[in-house]
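This is what each chain is made of:
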Amino acid sequence: MTAGRARSERLEARISAEQKQLIEQAAALQGRSVTDFVLSSLQDAARQTIEAHHRLDLSRRDSEAFVEALLNPPAVSERLHETVRRYRDATGA
């Protein structure tokens, strides 16, 4: 959250005494308030979750495109044939 941006929403959670102590200790170690520590940690976790979801979607889409290209390859263009011919002429392959 950027400094200077007004906070108008509220988020509440019930936690155990052990969880509260752990969070307070971590915030103190970083020299931050509990609120700042919790908000920052939640934002980081939310961003990581969203990014992981996007990576999974892209990965699935890429995999499907790869399999589709293997099963139904596009026709070889005249330009590719010409490139292969020039390569063979140049290398003797």
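Structure: see above.
Residues numbered from 1 in each chain as written. Predicted model: local features only at pLDDT ≥ 70, side-chain atom pairs only at ≥ 80, totals over all residues. Heavy atoms only, no water.

### A look at the overall build of the protein chain
Item 1. Within the protein chain one finds three helices and zero strands.
Item 2. For the protein chain, the N- to C-terminal ordering of α and β elements is α-α-α.
Item 3. Against the compact-globule benchmark of 12 Å for 93 residues, the protein chain has a radius of gyration of 27 Å, which places it well outside the compact range.
Item 4. Reported as C-alpha extents along the three principal axes, the dimensions of the protein chain are approximately 75 × 30 × 30 Å.
Item 5. Scored against the burial criterion, the 93 residues of the protein chain give a buried share of 2%.
Item 6. As presented, the protein chain carries roughly 8700 Å² of accessible surface, and 55% of it is formed by carbon and sulfur atoms. (Helix = DSSP H or I, 4+ residues; strand = E, 2+ residues; numbered from the N terminus. Rg over C-alpha atoms; globule rule 2.2 N^0.38 Å. Buried < 20%, exposed > 50% of the residue type's maximum accessible area, 1.4 Å probe, protein only. Areas by Shrake-Rupley, 256 points an atom, 1.4 Å probe, with all protein chains shown as cover.)

### Some remarks on the pattern of salt bridges
Item 1. Inspection of every chain in the model, using the stated rule, returns six salt bridges.
Item 2. Close ionic contact of glutamate 24 with lysine 20 constitutes a salt bridge, the shortest N to O distance being 3.9 Å. Within this pair, glutamate 24 and its partner lysine 20 are both found in helix H1 (residues 17-29), separated by four residues, close to a single helical turn.
Item 3. Note on glutamate 24: relative accessible area 36%, which makes it partly exposed.
Item 4. Taken together, the salt bridges that share partners define one network made up of Glu82, Arg85 and Asp89. (Salt bridge = Lys/Arg side-chain N within 4 Å of Asp/Glu carboxyl O.)

### Considerations on H1
Because an α-helix completes one turn every 3.6 residues, residues spaced three or four positions apart along the sequence face the same direction.
Item 1. Between the first and last C-alpha of H1 there are 18 Å, a value that for 13 residues agrees with the 18 Å anticipated at 1.5 Å per step.
Item 2. Positive phi shows up at glycine 31, right after H1, with a value of about 70 degrees. (Expected span 1.5 Å × (residues − 1).)

Shape is all these values report; function is a separate question.
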